[in-house]
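# Coordinates in review
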Amino acid sequence: MSERRKQYPFAEFEPKWQACWEEKKTFSVPNPGDEGFDASKPKYYVLDMFPYPSGAGLHVGHPEGYTATDIITRYKQMRGFNVLHPMGWDAFGLPAEQHAIKTGEHPRINTERNTDNFRRQLKALGFAYDWDREINTTSPDYVKWTQWIFLQLYNSYFDEETQKARPISELEGKGLSREEIDDKRLAFVADTPVNWSPDLGTVLANEEVDEWREKGHTVERRPLRQWMLRITDYAQRLIDELEPLDWPDGIKQLQTNWIGRSEGAEVDFEISGEKVTVFTTRPDTLFGATYMVLAPEHPLVAQITTTEQKEAVEAYQKECSMKSDLERTELAKEKTGVFTGGFAINPVNGEQIPVWIADYVMMGYGTGAIMAVPAHDERDFAFAQKFAISVIEVVQAPEGNEDECFAGNGIAINSDFLNGLSTPEAKAKITEWLEEKGLGKKTINFKLRDWLFSRQRYWGEPFPIIWKDGQHQAIDESELPLLAPELEDYKPSGSPEGVLAKAIDWIELPDGSRRETNTMPQWGGSCWYYLRYCDARNSDAFISDEAENYWMGGDDQTGGVDLYVGGTEHAVLHLLYARFWHKVLFDLGHVSTPEPFQKLVNQGLIMGEDGRKMSKSFGNVVNPDDVVAQYGADSLRLYEMFMGPLEQVKPWSMKGVEGVYRFLARVWRLVLETNQEGEWVINPKLADIDPEKRTNKTVHATIKKVQNDIDAMSFNTAISQMMVCTNDLTKLDQIPVSSVVTLLHVLNPFAPHITEELNARLAVAFDSVSADELAHRPWPEFREDFLIEDEIELVVQVNGKVRDKLHISPDMPKEEIEALALASEKVKAFTDGNTIRKVIVVPGRLVNIVAN
RNA sequence: GCCGAUGUGGUGGAAUUGGUAGACACAGCAGACUUAAAAUCUGUUGAUCCUCGGAUCGUGCGGGUUCAAGUCCCGCCGUCGGUACCA
């Protein structure tokens with residue numbers, strides 16, 4: 001690192017102010033009922049996405065969102081809000097366990113080391129977190145409540161009628177059997193084909209498969225007994241209740257598509273006496289069905305397969321079972337399939353159509369069976385082409401559409417009683433017809449699957465469940481938290497039971513029952529952390545009603561976290577899971593709003609200086625520690641915000657850091673200069689004088705722009721305005737102290753250290769300057785009357801091109817402006833010889849003369 | 001393929017939402033200070049032409065609407081991100 005002389009002594013005062021904030025608890029906020037709580041202030045809850053404290057420490061991408069929320073926090077505090085701005089650690093997870101497997105060191109130790117480092121790095125940036133509320137998902141008092149919430153899920157079911165979770169005890173009263181009840185729990189056990197990774201020794205969620213495959217681990221399909229959460233019951237509400245939220249449209253769409261609602265019909269076909277139900281979104285094309293496809297795993301395949309086809313069918317089934325969902329989709333550019341020998345009867349016309357099995361039909365979606373209409377479905381068309389199956393056109397494509405396969409809406413043809421109807425009409429009519437005859441019904445399907453919630457890991461929350469006589473049951477709440485036992489080593493047991501299976505003493509209970517050996521996925525802890533922050537030290541409840549009501553309260557337009565900032569990588573999974581848990585807690589009366597996050601903002605990725613993604617392998621990772629050492633925390637914060645709009649992807653530039661560093665140095669020198677001894681003394685140009693009109697204008701325009709830009713989270717333009725203001729003040733021969741203090745005040749949320757330091761020094765030199773911390777003073781009010789101009793510049797255009805500029809009073813009447821514009825010599829040069837057709841006057845902006 | 005972003009000087013990016021394109025920075029160039037360098041300060045910096053007053057062109061490309069388009073409409077192209085046989 002270059003030993004260039006520092007332009008201002010940030011290394012001295014930045015740690016000083018950080019220590020001061022920590023000691024005075026400047027950014028700790030009391031809860032309702034606590035000492036010092038001011039109930040008259042409105043609340044504002046600003047949240048950063050929960051970080052995983054990785055061994056690599058912070059990189060410059062982290063402080064991007066953190067600085068944005070920090071500015072908002074400090075600003076809102078000055079505007080008289082009680083601001084909740086917490087930080088904590090999503091500290092369970094595979095990397096710490098992988099480390100434990102390699103070294104034999106307990107993952108707790110590694111986790112602690114990493115969180116200590118993260119905390120140190122964050123504190124070095126001067127963030128206004130309320131560290132009294134710091135939480136850690138791995139701490140026993142947090143685990144306790146994660147497990148408690150799991151038990152809420154376990155002890156609830158989804159009531160279809162009210163679309164709400166209800167206590168499972170209500171079903172017990174209705175005389176349902178044990179099995180029937182277990183089948184309704186929101187947390188349930190199922191034997192499902194899962195993604196088992198032998199070398200990781202765990203099952204992975206569908207969404208996680210890619211990530212671990214990329215890291216070189218193998219993943220295969222295997223049916224195993226797993227805990228699942230019934231998120232699919234909430235599919236409709238997860239779509240509907242997303243609507244009013246202040247989230248980016250793209251993210252809303254992403255979630256909606258992920259949930260994947262599609263409306264259609266189930267239709268019953270008959271295959272040699274057996275009923276087979278297919279799902280279709282195009283029941284109107286039923287007359288065009290020329291074959292049927294079952295998923296290779298469909299339970300009826302064996303029954304309907306003829307002896308001649310048996311061998312081929314079984315071979316195909318085996319081939320498919322070897323492939324994962326992924327391989328089936330990724331590698332299968334070419335359609336494959338086998339004829340079963342069986343025929344299905346189309347219920348609308350009694351036609352016999354061949355039944356095939358093919359892997360382009362998934363068992364997990366709809367009914368695992370489709371009617372194939374090659375004339376109006378791309379996939380069916382490709383399949384029919386390959387296997388020479390006939391194509392019957394049943395929808396008239398609009399004029400000019402010559403595609404062989406037309407999937408759009410049109411007019412029904414070759415369809416008996418549907419002929420002549422438009423696609424929506426035909427859909428309605430056929431569905432009604434099917435329902436009348438008892439051959440089918442209107443159905444809604446979702447892509448969303450139930451959430452696979454168990455992992456075979458050590459470093460996660462154990463399930464608060466024991467098994468007795470083959471049945472699961474919850475342990476008593478008083479036994480929470482249930483912590484994992486210490487182990488000799490953390491290597492996977494190799495069995496799908498997971499690592500905890502090794503801890504015999506822990507598993508086997510005196511009464512012969514056994515503990516569940518699965519643990520929860522990392523998502524568990526991060527699903528509700530924002531609630532815990534509201535009441536982080538409560539040992540009687542996961543959150544108190546008072547704290548919940550205050551920090552999370554509101555209606556469906558205002559309730560929940562007021563501002564949630566994080567990366568797009570959590571657009572679907574984390575945000576969907578957290579919303580699901582929140583809704584269950586809401587239904588059960590534990591929280592007061594249906595949605596957890598009212599406003600969501602995604603910060604854009606910061607790329608390396610070479611324009612590529614920051615990564616160790618490219619050697620382009622920038623460590624914030626180095627930037628702080630060289631330019632100070634304020635420079636880093638300011639640069640992160642000055643780079644460009646928050647949501648945008650943008651490349652890092654050390655030259656850019658230097659630019660904002662120079663700006664901060666200019667602010668410093670506005671207040672101080674070095675004397676002969678090299679000491680910093682008050683700039684002699686500073687004086688306790690009333691600012692001139694134009695100085696007031698700059699300063700007050702700055703207040704206005706900065707506050708508007710903070711509200712709009714347009715931090716880069718706020719900073720450029722403060723640069724303009726600084727440049728203007730620097731040019732003055734006599735600089736009014738009050739103007740400088742105002743500048744420091746509006747700059748404070750962005751660069752808190754240097755501004756507090758300068759204010760403190762000014763307070764010593766000038767009686768007029770308050771020695772109170774800027775952080776504690778109310779945001780300055782701008783005066784609109786200072787912004788009014790005596791004279792404005794008005795552009796005169798001829799046919800849209802600027803030809804002259806007028807300097808006039810802002811309230812000059814239109815007619816006068818017009819006359820003045822037409823009188824201009826420069827304008828005349830362009831209008832001479834032409835007829836003036838029209839003159840447009842836009843007050844305060846321009847005059848456009850149309851002439852030809 | 002589909003969905004979503006995005007395209008403005010050498011670079012990061014501004015532009016009151018239809019009204020002077022290029023604010024603010026970075027880099028460059030010239031000058032001041034200095035024995036010298038760094039730092040700092042001042043000026044200059046979209047392109048082309050120029051009689052130094054200015055003229056013409058210019059926001060990915062092609063059309064259109066309008067007195068006026070980076071901004072609105074239609075059709076393309078490029079880059080980035082997500083997703084993929086969901087019937």
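Rules behind the numbers
- Residues numbered from 1 in each chain as written.
- Chains lettered and ligands numbered in written order.
- Predicted model: local features only at pLDDT ≥ 70, side-chain atom pairs only at ≥ 80, totals over all residues.
- Heavy atoms only, no water.
- Helix = DSSP H or I, 4+ residues; strand = E, 2+ residues; numbered from the N terminus.
- Buried < 20%, exposed > 50% of the residue type's maximum accessible area, 1.4 Å probe, protein only.
- Contact = heavy atoms within 4.5 Å.
- Areas by Shrake-Rupley, 256 points an atom, 1.4 Å probe, with all protein chains shown as cover.
- Phe/Tyr/Trp six-rings, centres within 6.5 Å; stacked < 30°, edge-to-face > 60°.
- Core = buried A, V, L, I, M, F, W, Y, C linked by side-chain atoms within 4.5 Å.
- Pairing = 2+ DSSP bridges.
- Axes fitted to C-alpha atoms, helices over the stretch in contact; angles between N-to-C directions.

With that settled, consider the overall build of chain A. The number of helices and strands found in chain A is 30 helices and 34 strands. In chain A, which comprises 852 residues, the proportion classed as buried is 54%. Looking at chain A alone, contacts between residues at least 24 apart form 71% of all its contacts between residues at least 6 apart. Of the roughly 37,600 Å² of accessible surface on chain A, a fraction of 49% belongs to carbon and sulfur atoms.

Taken as a whole, this structure holds 57 aromatic pairs when the rule is applied. Ring geometry for Trp356 against Phe383: centres 5.4 Å apart, planes inclined by 85 degrees, an arrangement best described as edge-to-face. On the criterion of sequence distance, the pair formed by Trp356 in strand β14 (residues 352–357) and Phe383 in helix α14 (residues 378–386) is long-range, its members being 27 residues apart. Since its relative accessible area comes to 11%, Trp356 is described here as buried. Centroid distance Tyr564 to Phe597: 4.2 Å. Interplanar angle 25 degrees. Geometry classified as stacked. With Tyr564 in strand β23 (residues 563–566) and Phe597 in the loop between α20 (573–587) and β24 (600–602), the pair connects residues that are 33 residues apart, well separated along the chain. What makes Phe597 buried here is its relative accessible area of 0%. Clustering of aromatic rings is evident, with ring pairs tying together Phe150, Tyr154, Phe158, Trp227, Tyr234, Trp451, Phe453, Phe463, Trp523, Tyr577, Phe580 and Trp581.

Right, let's get into unusual backbone geometry. Along the chain, Leu480 connects to Pro481 via a cis peptide bond; the corresponding omega equals -5 degrees. Relative to the helices and strands, Pro481 is located in the loop between β21 (471–474) and α16 (504–507). Of note in the backbone geometry, Lys25 takes a positive phi value of approximately 50 degrees without being a glycine. Mapped onto the elements of the fold, Lys25 is located in the loop between α1 (10–24) and β1 (43–48). Positive phi outside glycine occurs at Gln163, with the angle close to 60 degrees. Looking at the secondary structure, you find Gln163 in the loop between β5 (156–159) and β6 (164–167).

What follows deals with the nonpolar core. Counting 89 residues, the largest nonpolar core has Trp652, Phe715, Phe750 and Leu762 as its most contacted members. In terms of residue count, helix α23 (residues 654–671) provides more of this core than any other element does, ten residues in total. Not counting the four nearest positions on each side in its chain, Phe750 is found in contact with Ile71, Arg637, Leu638, Val706, Ile710, Phe715, Ala718, Ile719 and Met722. Core analysis: the next-biggest nonpolar cluster, separate from the first, contains 87 residues, Val143, Leu186, Trp528 and Leu585 among them.

Our focus in this paragraph is the sheet that holds β1. Pairing within the open sheet is parallel, and its four strands lie in the order β2-β1-β23-β24. Both outer strands of the open sheet, β2 (82–84) and β24, are each paired with one neighbouring strand and no more. Geometrically, the sheet is characterised by an average inter-axis angle of 20 degrees between neighbouring strands, direction not taken into account. For β1 and β2, the ladder comprises three bridges, and the chain directions are parallel. Paired with Lys43 across the two strands is Asn82, which belongs to β2. Helix α2 (residues 62–78) contacts β1, β2 and β23 of the sheet and is inclined by roughly 170 degrees relative to β1. Contacts between helix α19 (residues 545–552) and the sheet are confined to β1 and β2, with β1 contributing the most and set at about 85 degrees to the helix.

A separate point is helix α26 (residues 737–747). For α26, the buried fraction is high: nine of the eleven residues fall into the buried class. By the burial criterion, the buried members of α26 are Val737, Ser739, Val740, Val741, Leu743, Leu744, His745, Val746 and Leu747.

Assignment of secondary structure puts Gly104 in the loop between α3 (94–103) and α4 (107–123). On the accessibility criterion, Gly104 (39% relative accessible area) is partly exposed. Each C-alpha atom of the pair Gly104 and Val621 lies 29 Å from the other, and the pair is 517 residues apart in sequence. Residues contacting Gly104, with those up to four places away along its chain left out, are His99 and Tyr490.

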